[in-house]
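# Fold and contact review
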Amino acid sequence: MLEVSDVHKSFGENDVLKGVHIQVDKGDVVVILGPSGSGKTTLLRCINFLEKADRGKLALHDTSLPLNTASKKEIHKVRQSVAFVFQNYNLFHHKTALENVTEGLIIGRKVAKKEAEKIGREALTKVGLSDKYDAFPNQLSGGQQQRVGIARAVALSPDIILFDEPTSALDPELVDEVLGVMKNIAEEGTTMIVVTHEMSFAKDVANKVIFMDGGVVVEEGTAEEIFKKPKKERTRQFLRRVLPEEYIYSI
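First, a word on scope: everything that follows refers to the structure included in this document. Quick caveat, the model's predicted, so the values are computed rather than measured. Note on numbering: residues in each chain are counted from 1, in written sequence order. The predicted origin of the model limits local features to residues at a pLDDT of at least 70 and limits the giving and counting of side-chain atom pairs to 80 or more, whereas totals for whole chains, interfaces and linings rest on all residues. Excluding hydrogens and water, the side-chain values take into account all heavy atoms of the structure.

### Considering the overall build of the protein chain
Our working rule: Helix and strand labels come from DSSP, where a helix needs a run of H or I of at least four residues and a strand needs a run of E of at least two; each type is numbered from the N terminus. Between the two quantities, the radius of gyration covers C-alpha atoms and the globule rule is 2.2 Å times the number of residues to the power 0.38. Contacts between residues were defined by any pair of non-hydrogen atoms, one from each residue, lying within 4.5 Å.
Secondary structure summary: the protein chain contains nine helices and ten strands in total. Taken against the 2.2 N^0.38 rule, which gives 18 Å for 251 residues, the C-alpha radius of gyration of the protein chain at 18 Å falls within 12% of a compact globule. Contacts in the protein chain between residues far apart in sequence, at least 24 positions, make up 62% of those at least 6 positions apart.

### A word on the sheet that holds strand β2 (residues 14-24)
Condition: Pairing between strands is defined by DSSP: at least two bridges between them are needed. Orientation is described by lines fitted to C-alpha atoms, with helices fitted over the stretch in contact, and by angles between N-to-C directions that extend from 0 to 180 degrees.
Pairing in this open sheet of four strands is antiparallel, and the strands run β2-β1-β4-β5 from one edge to the other. Two strands close off the open sheet at either side, each with one partner strand: β2 and β5 (63-66). Direction aside, neighbouring strands of the sheet carry axes that sit 15 degrees apart on average. Where strand β4 (residues 55-60) meets β5, four bridges bridge the pair, whose relative direction is antiparallel. Looking across to β5, one finds that Lys57 is bridged to Pro66.

### Observations regarding unusual backbone geometry
Cut-off, in case you're wondering: Three exposure classes are used, based on accessible area relative to the maximum for each residue type with a 1.4 Å probe and protein chains only: buried under 20%, partly exposed in between, and exposed over 50%.
Backbone geometry at His61 places phi at a positive 55 degrees, although glycine is not the residue there. Tracing the backbone shows His61 in the loop between β4 and β5. The backbone of Glu165 sits at a positive phi, close to 40 degrees, despite the residue not being glycine. On the secondary structure map, Glu165 appears in the loop between β7 (160-164) and α6 (172-187). Relative accessible area serves as the criterion here: at 12%, Glu165 is assigned to the buried category.

### Observations concerning the environment of Asp54
To be explicit about the condition: Polar contact is the term for a pair of N or O atoms within 3.5 Å; when the atoms are in protein, one must be able to donate a hydrogen and the other to accept it, and sequence-neighboring residues count only if both atoms are side-chain atoms.
Position of Asp54 relative to the elements: it lies in the loop between α1 (40-47) and β4. Once residues within four sequence positions are removed from consideration, Asp54 is found in contact with His8, Lys9, Ser10 and Asn68. A polar side-chain atom of Asp54 sits 2.7 Å from the main-chain amide nitrogen of Ser10.

### Points about α6
Rules: To estimate how far a helix should extend, the number of its residues minus one is multiplied by 1.5 Å. Directions are taken from the helix axis to each C-beta atom, and the arc is the one they span.
Taking 1.5 Å per residue as the helical rise, α6 with its 16 residues ought to reach 22 Å, and the 24 Å between its terminal C-alpha atoms agrees with that figure. Looking only at α6, the buried set comprises Leu174, Val175, Val178, Leu179, Val181, Met182, Ile185 and Ala186. Along α6, the residues classed as buried sweep out an arc of 155 degrees about the axis, all on the same side. Exposed residues lying more than 90 degrees from the buried face of α6 are Glu173, Asp176 and Glu187. For α6, the elements touching its buried residues are β3 (29-33), α5 (142-155), β7, β8 (191-195) and α7 (199-205).

### Topic: helix α2 (residues 72-81)
Residues Ile75, Val78 and Ser81 constitute the buried set of α2. Viewed along the axis of α2, the buried residues span an arc of 120 degrees, placing them on a single side of the element. Seen from the buried face of α2, the exposed residues on the opposite side, beyond 90 degrees, are Lys72 and Lys73. For α2, the secondary structure elements touched by its buried residues are α1, β4, β5, β6 (82-85) and β7.

### Considering the packing of α5 against α6
Put simply, the rule reads: Orientation labels follow simple angle bins: below 35 degrees gives roughly parallel, above 145 gives roughly antiparallel, 65 to 115 gives roughly perpendicular, and whatever is left gives oblique. Note on convention: near helix rotated counterclockwise from far helix by under a right angle means a left-handed crossing. Clockwise means right-handed. Each residue gets one of three labels, nonpolar for Ala, Val, Leu, Ile, Met, Phe, Trp, Tyr, Cys and Pro, charged for Asp, Glu, Lys and Arg, and polar for the others, Gly among them.
At their nearest, the axes of α5 and α6 sit 8 Å apart, and the two run at 20 degrees to each other. Classified by the angle their axes make, α5 and α6 are roughly parallel. Here α5 runs over α6; the crossing is right-handed. Mapping the contact onto sequence places Gly142, Gly143, Gln144, Gln146, Arg147, Ile150 and Val154 in α5 and Leu174, Glu177, Val178, Val181, Met182 and Ile185 in α6. Of the residues contributing to the contact of α5 with α6, the split by class is seven nonpolar, four polar and two charged.

### As for the sheet that holds β3
Read across the open sheet, the six strands follow the order β6-β7-β8-β3-β9-β10; overall the sheet is mixed. The open sheet terminates on both sides in strands that have one partner only, identified here as β6 and β10 (216-221). Taken over all neighbouring pairs, the strand axes of this sheet differ in orientation by 20 degrees on average, direction set aside. As paired elements, β3 and strand β9 (residues 208-213) share four bridges and run parallel to each other. Bridged to Leu33 within β9 is Phe211. Most of the contacts of α2 go to β6, to which it runs at about 70 degrees, and overall it touches β6 and β7. Along the sheet, helix α9 (residues 233-242) makes contact with β3, β9 and β10, crossing β9 at roughly 95 degrees.

And the structure:
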């Protein structure tokens, strides 16, 4: 369904991605783990052309294109199939929740306003915000704002949703409500790539886990393989640090 290969990206002299390759099949929930600075977010942004990769290829369905020289038309075609949920919500503060959800449909997809509002209300209801259609972002909690962001992505009916650390900006007590919405979406068969530090989500929901460090994929496998029988010492070191009480590795 989606494959990116040989992805390189540098910021000045800082090589952030050093030849990354990942493959995602329809219905996959792929979780990307790794320490800060490992290149996880940059990879997501390159996939959706929010960052321009220095080198690499992207294959989506029957389309294959270079990440560094793709045309505006090619980028638009990819974005028709790939939605992005941002870490810091990225909502329009002067628009209601419903207007935030319908903006991409009306402007980007040329959907009639009445139909866009119908789709938008359905998406907001799906994320538990049926009573917040007319609320502005400053009237919503952080968790509710992120759920609007998820509804905005869902409303586009994309083939894949990319989530960039969707709970990292939330107060701890609001994390579960967002993860619950994401879990429900995954259970509906939505293909997802999720960058997150939420290990419980990775273990319970992901069917594929990728561990990155230093701009490369160190190891990948099922959640069972990565969390219980990792092959690489760097993966084991990371898991011991982030799961100090529950992670046990037996040789």
